[in-house]
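The chain contents come next:
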Amino acid sequence: MWYKLGQFIIRYRISLLILLLVTTGVMGFFASKVTLSYEFTRAIPTDNIKYIEYQKFREKFGDDGNTLVFGIESKDFFTTKIFNEAEALHQNLKKIKGVVAVLSIPETVNLLKDSSGEKLITQKIFHAPYNNQQSLDEDKATFFSLPFYNSLLYNSSTNAYLLGVQLNKDSINSKSRTRLINDILAQANQFEKNTNISLHTSGLPFIRTVVSNRIKNEMNWFLIGSLLLSAVTLLLFFRSISAMLMSLTVVLIGVVWSLGTMVLLGYKITLLTALVPPLIVVIGIPNCIYFLNKFHESFKKTNDKQSALITMVGRMGIVTLFCNIAAAIGFAVFSFTRSNLLKEFGVVAGINIMALFLISLILIPAVLSFLPEPKQKHIKYLENKILEKILIKIERWTLNNAKWIYATTIVCCVLAIIGFFKLKSEGFIVDDLPKTDKIYTDLKWFEQNFKGVMPLEIMVDTKKKNGLLRNMNPINKIAELSDYISKSKDAARPLSFVEGLKFAKQAYYDGDSLSYAVPYEGDMPFLTPYLKRNNTNSDNKESHNNLLDGFMDSTKQVARISVNMKDVGNVQLPLLLKDFEKEATKIFDTANYKITFTGTSVTFLEGSSFIIAGLKESILYAFLLIALCMLYLFRSIRILFCSLIPNMVPLLLTAGLMGWVGIRLTPASVLIFSVALGIVIDVTIRFLVNYKQELPQFNFQTVPTLVQTIRHTGISIIYTSLVLIAGFIIFCFSDFGGTKSLGWLTSFTLIAGTVTNLLLLPVLLNSLKKDKQKKQ
């Protein structure tokens, strides 16, 4: 069948090339329309309880996690020059398209009691720009007499001050977010230039935007670098520019098809689907090497190009098909998970890996048929003396030192198992950043001075309309829970409408800072008339009612408690939330109240945990499906057993190495196993198919067949591994820990897989051989 297919491809090569060219043109048109996705909650399925709770929160209170923060650390902040610059920064930030509001010390307000009108009016505390220090010092004294702003906008013990910028949710979740962040940073840079003070910058919008842009830029450069390194390596091996260009054309067409597939399926580029183009290169290059290697071998034997091309398709067609099927299965199983991010990645990767087989099958023999016959220098690599010596040694080891190979494998696996139990599955929002990166150090600065900036939201549902203000019980309970949370070393002072009531009570008692406390039952009859009025003054159009209403829904049934937290990770966060929930259960009667913990931080880390769990589950499914394919291909339980062991050992060694060197299980590191499995099983299939094809020629004798297989397949296996390692090693230069790990760990797995398939696999086949000669 495959030999006939080879004849068909050669006969209709022009038509097939035109069809391939037209299809690539169409896919290129769609690929040009691909766009980036800026959502991050899609990692969680829509029926997940955390997702549902977060959507309910958004319906009532809008989006959280849309605030970018600047931190200033200076003992001279309240000098006229620096303070005036801070006021100018505030005003300039407000003018930027996409900025909803700015909260900073120069624009803070005080509440004053108007006894005659029984109302509270807001009044600006500061009146910048200042011409003399005395006026600023007087306003500064007023500001420090208001406990409401303490730990919210300043930390007096460290001379740290905070400025918050609330961003439009549509802008921050679209491609314009990069422009928005850059515009904001431009104003911050101007402040730094004018004051010689370095600003600390953080907040989820800033972190997500900068990190995503860095990853995007890195992936583009690494894709180019990987192609260039692969091209150089191919050129060194085959000594043929045409072979190199043809191989690169195969993978570039695959990349175009993958991007076009995303658009046709209605997908956008995510942090996972962005990995598909490099994966196409990784899987496409081996296809080309094995096809070319078989073509050169056949041509060397027959000196007939036409016959060599047909033999290439006949011998390598089925091998490459099952290799691509195995690789496609390794990724397509992600489509069975309940995470949309993983589903999209699995579908796009699975489809295009199979499409890559079709591209290779048509393009390589068709193009080779038009090219001149290979010259001696093009097939000289088949007689590489160094490789020949290595392969001869491998033959001797597999035939004469089986016990040593088994013993070494067992020892390595035992060490790997010990390392495996050292693995930790823990994720942080700034997971992959180096500890010296400014994003990381700035985040830690905010954690040290303000206990973090990661948003946690708590909804308190009284289950009754106006239930929050009917009596003092809900108010006292919210205050009690807030006090408990504020004592945590990982959470800042919570903000709720109760803080607004405390501010109002202080204003009612003529600004006495000792009156900043939860109103008593007896205070409410006097305070209520002041709270019901919606009053403003000429200095500031924001009323105190806005401060209260922002933390209650329209029915006054549900209250919002906003907490800024440290980036504690997805292991510590559930423990922290469990502690808060336990205390909330003590304070609130569950029959009358429903307490929900949600927010961007919760859904972000839940998404990371969900992806890790989905990847782990998918790897198991991939193993089972690949095992079924191997069983179908070889129709032998013995060969199935022999094929799985050399693939499990490299993965186990990689997992053990991760445990020993302290690399945590993150979405990026777990993905390594899927990539590695697809590549290593590729080597196994090519070895075993060649072994099966050679077996009848040696009268079903195992030893001579193994010798022949090692010599013929070993060269292409080693060449392929070297090319892939060259392609992956470039990722080691990344600034991100996950990408760096993807580079060197995948390279390590490739080396381990090459060794196990050239040493352990032949030993297993020889140990479990059947003497078919006696049966005949």
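About the criteria used
- Residues numbered from 1 in each chain as written.
- Predicted model: local features only at pLDDT ≥ 70, side-chain atom pairs only at ≥ 80, totals over all residues.
- Heavy atoms only, no water.
- Helix = DSSP H or I, 4+ residues; strand = E, 2+ residues; numbered from the N terminus.
- Buried < 20%, exposed > 50% of the residue type's maximum accessible area, 1.4 Å probe, protein only.
- Contact = heavy atoms within 4.5 Å.
- Areas by Shrake-Rupley, 256 points an atom, 1.4 Å probe, with all protein chains shown as cover.
- Lys, Arg positive; Asp, Glu negative; His and termini not counted.
- Charge placed at Lys NZ, Arg CZ, Asp CG, Glu CD.
- Axes fitted to C-alpha atoms, helices over the stretch in contact; angles between N-to-C directions.
- Left-handed = near helix turned anticlockwise from the far one by under 90°.
- Nonpolar A, V, L, I, M, F, W, Y, C, P; charged D, E, K, R; others polar.
- pLDDT = per-residue confidence, 0-100.
- Phe/Tyr/Trp six-rings, centres within 6.5 Å; stacked < 30°, edge-to-face > 60°.
- Lys NZ or Arg CZ within 6 Å of the ring centre and 35° of its normal.
- Patch = residues over 30% accessible without salt bridge, like charges linked within 9 Å, V, L, I, M, F, W, Y side chains within 5 Å.
- Salt bridge = Lys/Arg side-chain N within 4 Å of Asp/Glu carboxyl O.
- Core = buried A, V, L, I, M, F, W, Y, C linked by side-chain atoms within 4.5 Å.

Let us look at the overall build of the protein chain. A count of helical and extended segments in the protein chain gives 25 helices and 10 strands. Its C-alpha atoms put the protein chain at 110 × 50 × 40 Å along the principal axes. Expressed as a percentage of its 776 residues, the buried residues of the protein chain come to 58%. In the protein chain, 79% of the contacts between residues at least 6 apart in sequence involve partners at least 24 apart. Accessible area for the protein chain stands at about 33,400 Å²; split by element, carbon and sulfur atoms hold 58% of it. Within the protein chain, the 58 negative side-chain charges are centred at a point lying 13 Å from the centre of the 82 positive side-chain charges.

This part takes up the packing of helix H22 (residues 637-661) against helix H25 (residues 737-767). The N-to-C vectors of H22 and H25 enclose an angle of 145 degrees; their axes lie 9 Å apart at closest approach. For the crossing formed where H22 meets H25, the hand is right-handed. When its residues are assigned to classes, the contact of H22 with H25 shows 18 nonpolar, 6 polar and 1 charged.

Before going further, it helps to examine the confidence of the model for the protein chain. The pLDDT averaged across the protein chain works out to 86; a share of 96% of its residues lies at or above 70. The low-confidence segment residues 535-544, where pLDDT is below 50, has 22 contacts with residues more than four positions distant or belonging to other chains. A low-confidence stretch, residues 771-776 stays under pLDDT 50, and its non-local contacts, those more than four residues away or across chains, total 5 contacts.

A few words on the packing of aromatic side chains. In total, this model carries 35 aromatic pairs according to the counting rule given. Ring centres of Phe 83 and Phe 126 lie 4.7 Å apart, and the angle between their planes is 45 degrees; this geometry places the pair in the tilted category. Residue Phe 83 is found in helix H4 (residues 80-94), and its partner Phe 126 is found in the loop between strand E4 (119-124) and helix H5 (133-144); the two are separated by 43 residues along the sequence. Phe 126 shares its class with Phe 83; the two are buried. An aromatic cluster is defined as three or more aromatic residues linked by ring pairs; in this entry it consists of Phe 77, Phe 78, Phe 83, Phe 126, Tyr 130, Phe 143, Phe 144, Phe 148, Tyr 149, Tyr 154, Tyr 161 and Phe 503. A cation sits over an aromatic face here: Lys 435 above Tyr 440, 5.3 Å from the ring centre.

Attention shifts here to the side chain of Ser 74. If you trace the backbone, Ser 74 turns up in the loop between strand E1 (67-73) and H4. Its relative accessible area of 11% is what places Ser 74 among the buried residues. Among all residues touching Ser 74, those that are not within four sequence positions of it are Ile 82, Asn 159, Tyr 161 and Ile 197.

For the rest of this paragraph, the subject is a nonpolar patch on the surface. Together, Ile 410, Val 411, Val 414, Leu 415, Ile 418, Trp 660, Val 661 and Trp 744 give the surface a local cluster of nonpolar side chains, amounting to about 740 Å² of exposed area. Within the residue set of the nonpolar patch, elements represented by two or more residues are helix H14 (402-420) and H22. Broken down by element, the nonpolar patch gets its largest block of residues, 5 residues, from H14. Among the structural elements, Ile 418 can be located in helix H14. You can call Ile 418 partly exposed: its relative accessible area is 41%.

Attention now moves to the environment of Phe 299. Of note, Phe 299 is situated in helix H10 (residues 276-302). For the pair formed by Phe 299 and Ile 379, sequence separation is 80 residues and the distance between their alpha carbons is 9.0 Å. Beyond its immediate chain neighbours, meaning those up to four positions away, Phe 299 contacts Asp 304, Lys 305, Ala 308, Glu 373 and Pro 374.

A few words now on a positive patch on the surface. On the surface, a cluster of positive charge is made up of Arg 239, Lys 375, Lys 377 and Lys 380. You can see Lys 380 is positioned in the loop between helix H12 (340-370) and helix H13 (385-400).

The subject of this paragraph is the pattern of salt bridges. Tallied over the entire structure, the rule returns 18 salt bridges. Residues Lys 124 and Glu 107 are paired through a salt bridge, measuring 3.2 Å at the closest nitrogen-oxygen approach. Note that Lys 124 is positioned in strand E4 and Glu 107 in the loop between strand E2 (99-103) and strand E3 (109-114), a separation of 17 residues in sequence. We note that Lys 124, like Glu 107, is buried. Note that Asp 442 is salt-bridged to Lys 438, the shortest N-O span being 2.6 Å.

Attention now moves to the nonpolar core. Ranked by internal contacts, the top residues of the largest apolar core, which has 250 residues, are Ile 105, Tyr 149, Val 165, Ile 184, Phe 497 and Ile 685. If we skip the residues at most four places from it in the chain, Ile 685 touches Val 319, Phe 322, Cys 323, Ala 326, Met 630, Leu 633 and Phe 634. Among the nonpolar cores identified, the runner-up in size contains 5 residues, and Tyr 54, Phe 57, Met 459 and Val 558 belong to it.

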